[in-house]
Amino acid sequence: MIALLQRDLILAVRAGGGFGLGMAFFLIVVILVPLGIGPDLEILSKVSVGILWVGALLACVLSLDRIFSLDYDDGTLELLLTSPIPLEAVVTVKSFSHWITTGLPLVVISPILGLLLGLQVSDLKWVFISLLLGTPALSVIGAFGAALTVGIRRGGLLLSLLVLPLYVPTLIFGANVASKGLADISNNSALLILTAVTLAAFSILPFASALVLRINLR
Amino acid sequence: MLLSVDNLSVSRGGISLFEGLNFTVSTGEIVLINGGNGVGKTSLLRSIAGLQPIDKGKIAINTDNFIFAGDANGIKTALTVLENLRFWSAIFGGKNLHEALEKFQLRQLKNRFAGKLSAGQKRRLSLARLLLTDRPVWLLDEPTVSLDKRSMKQFSRILKNHLEAGGAAVVATHIDLGLTLSSLSINLEDYQMKNGNINASAKAFL
């Protein structure tokens, strides 16, 4: 399984699997929105959490179809299905490697972008924590969508339509954690629910994705 | 016995491909599957590998006992030959990496990106995966596609060695692999349903 993770990370770097792509997209969204809204820092800091979260969400969707489609096209997925590694583990590892290449870079640069949007330095930690806890769920939910659309040519749009509604709980509670934190209100419950959503996604969805992949590979 | 197929019926896209197929494979045996395009050779192999559901009958095989090589090579073009093999070696827990490189004449190419290989070289790389595991049953779908004469001979030799070492194989192929060992040859066209009868049983009555 470590070999699979290593391979996916190498491929993401070498073949442009979205390592920089998601981050560049996130950066552009976060820079473009203030250009549209105007330079008023008060308004910007109010909408900053929303911008950062929606930006992260869209950047994540951008590279979802690559999770399985490349392995499907070259026959690797079929071979992995007959290998000693359970398909559920393959899905989990691939979701995790997607998070490392897409979600994690967004989490890392989010405090810098938060500064650009007028957030106080003391508030940046909430943006960071909420994205750190929420983005893994985006990858594993996205992997489920990618498994559903794996055999479909140009299934990218369908994939986004399927996945974006499933992102709603993560978005609501993720943004809630950050905005409550920013307003100095206790955000413990939102924090727990966000963590629960991520953990539930990681414990249930790999099984669903593996089942769907088995059907799609028939 | 490593594999037994009992009264197997398989269809694809709602159309019956073959029915009532029986055969067994034991240590040292090879079954050659032939028949025209679309007769169900690939579907049979995929069914044995558990990649495709069956309509009727039974396939008895230990899932840890076989390795499948389909028509797609399963090669990552952005990885080198060695990296591709190392990946599959790690997946299957095999140790024969250098032997596999040697036997399929890939040593010279080991640091070349798989995307820069010719179709035949890619095929050799794909087949080298077979040597990375001790799994006895090889399920091969048209393994010699794109191979030149020399590579084909070499592959036949490797297959023969595998069988002599106690392995077994089910191979869908159109060409003569030149195996001198006794092998069972099945033409799937004999198992197609025609006018409500299976060809093979019709022949048996005649």
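Residues numbered from 1 in each chain as written. Chains lettered and ligands numbered in written order. Predicted model: local features only at pLDDT ≥ 70, side-chain atom pairs only at ≥ 80, totals over all residues.

(A) The overall build of chain B, seen in detail. The helix and strand inventory of chain B stands at six helices and ten strands. Counting only C-alpha atoms, chain B reaches 55 × 35 × 30 Å along its principal axes. For chain B, long-range pairs separated by at least 24 residues make up 71% of all intrachain contacts whose partners lie at least 6 apart in sequence. (Helix = DSSP H or I, 4+ residues; strand = E, 2+ residues; numbered from the N terminus. Contact = placed C-beta atoms within 7 Å.)

(B) Geometry of the interface of chain B and chain A. Opposite the 19 residues of chain B that make contact, chain A presents 18 residues. The biggest single contributor to the side of chain B that touches chain A is helix α2 (residues 81-92) of chain B, with four residues. The class makeup of the residues in the side of chain B that touches chain A is twelve nonpolar, five polar and two charged. (Nonpolar A, V, L, I, M, F, W, Y, C, P; charged D, E, K, R; others polar.)

(C) Summary view of the sheet that holds strand β4 (residues 56-61) of chain B. Residues and elements named next belong to chain B. Within the open sheet, the three strands sit side by side as β2-β1-β4. Their pairing is antiparallel. The open sheet terminates on both sides in strands that have one partner only, identified here as β2 (15-25) and β4. Between one strand axis and the next, the sheet turns by 25° as a mean value, whatever way the strands run. Note: strand β1 (residues 3-12) against β4, five bridges, orientation antiparallel. Paired with aspartate 6 across the bridge in β4 is lysine 58. Across the sheet, helix α1 (residues 41-48) lies against β1, β2 and β4, angled at about 125° from β1, the strand it touches most. (Pairing = 2+ DSSP bridges. Axes fitted to C-alpha atoms, helices over the stretch in contact; angles between N-to-C directions.)

(D) Structural detail: unusual backbone geometry. Residues and elements named next belong to chain B. Unlike most non-glycine residues, glutamate 142 shows phi in positive territory, near 45°. Relative to the assigned elements, glutamate 142 resides in the loop between β6 (137-141) and α5 (149-164). Owing to 18 C-beta atoms within 10 Å, glutamate 142 belongs among the partly exposed residues under this scheme. Non-glycine residue serine 146 carries a positive phi angle of around 75°. Summarising the element assignment, serine 146 is placed in the loop between β6 and α5. Looking at serine 146, the number of C-beta atoms within 10 Å reads 16, which means it is partly exposed. (Buried ≥ 20, exposed ≤ 12 C-beta atoms within 10 Å, placed from the backbone.)

(E) The confidence of the model for chain B, seen in detail. Residue and element names in this part refer to chain B. Mean pLDDT over chain B stands at 84; residues scoring 70 or higher make up 92%. Per-element mean pLDDT across chain B ranges from 46 in helix α6 (residues 199-205) up to 91 in β6. Per the prediction output, this complex has pTM 0.88; the corresponding ipTM is 0.85. (pLDDT = per-residue confidence, 0-100.)

(F) The arrangement of the packing of helix α6 (residues 87-116) of chain A against helix α7 (residues 124-148) of chain A in detail. Residues and elements named next belong to chain A. Between α6 and α7, the shortest axis-to-axis distance is 8 Å and the interhelical angle comes to 155°. Between α6 and α7, the interaxial angle falls into the category roughly antiparallel. In this structure, α6 crosses over α7, and the sense of that crossing is right-handed. Taken together, the residues that form the contact of α6 with α7 break down as 15 nonpolar, nine polar and one charged. (Parallel < 35°, antiparallel > 145°, perpendicular 65-115°, else oblique. Left-handed = near helix turned anticlockwise from the far one by under 90°.)

(G) Structural context of the pairing of β2 of chain B. All names here are of chain B. Examined bridge by bridge, β1 and β2 share seven bridges and lie antiparallel to one another. Residue pairing in the sheet places valine 10 in a bridge with phenylalanine 18 of β2. Hairpin connection between β1 and β2: a loop of two residues separates the two successive antiparallel strands, and glycine 13 in this loop has a positive phi of roughly 60°.

(H) Layout of α6 of chain A. Between its terminal C-alpha atoms α6 of chain A stretches 42 Å, which fits the 44 Å expected from 30 residues at 1.5 Å a residue. At the exit of α6 of chain A stands glycine 118 of chain A, carrying a positive phi of roughly 85°. (Expected span 1.5 Å × (residues − 1).)

(I) Here's a closer look at the environment of valine 39 of chain B. All names here are of chain B. Summarising the element assignment, valine 39 is placed in the loop between β3 (30-34) and α1. Using a count of 20 C-beta atoms within 10 Å as the deciding quantity, one classes valine 39 as buried. Expressed as a C-alpha distance, the spacing of valine 39 and glutamate 142, which sit 103 residues apart in the sequence, is 14 Å. Setting aside anything within four residues of it in sequence, one finds valine 39 in contact with Leu17, Leu188, Glu189 and Gln192.

(J) Looking closely at α5 of chain B. All names here are of chain B. A rise of 1.5 Å per residue sets the reference length of α5, with its 16 residues, at 22 Å; its end C-alpha atoms lie 22 Å apart and thus fit the reference within 8%. Within the span of α5, buried status applies to Phe155, Leu159 and Leu163. Seen along its axis, α5 keeps its buried residues to an arc of 75°; they face one direction. For α5, exposure combined with an orientation more than 90 degrees from the buried face picks out Arg150, Asn161 and Glu164. Buried residues belonging to α5 abut β3, α4 (119-128) and β7 (168-172). Glycine 166 sits one or two residues past α5 and shows a positive phi near 100°. (Arc of directions from axis to C-beta.)

(K) Region of the structure containing the sheet that holds strand β8 (residues 184-187) of chain B. Residue and element names in this part refer to chain B. The strand order β5-β6-β7-β3-β8 describes an open sheet built from five strands, whose pairing is parallel. This sheet does not close on itself; its edge strands, each paired only once, are β5 (66-69) and β8. Going from strand to strand, the sheet's axes swing by 15° on average, the running direction of each strand aside. Of the strand pairs in this sheet, β3 and β8 are connected by four bridges, and their pairing is parallel. In the strand pairing of β8, leucine 32 is matched with serine 185. Taken strand by strand, α1 contacts β3, β6 and β7, and its axis lies near 145° from that of β7.

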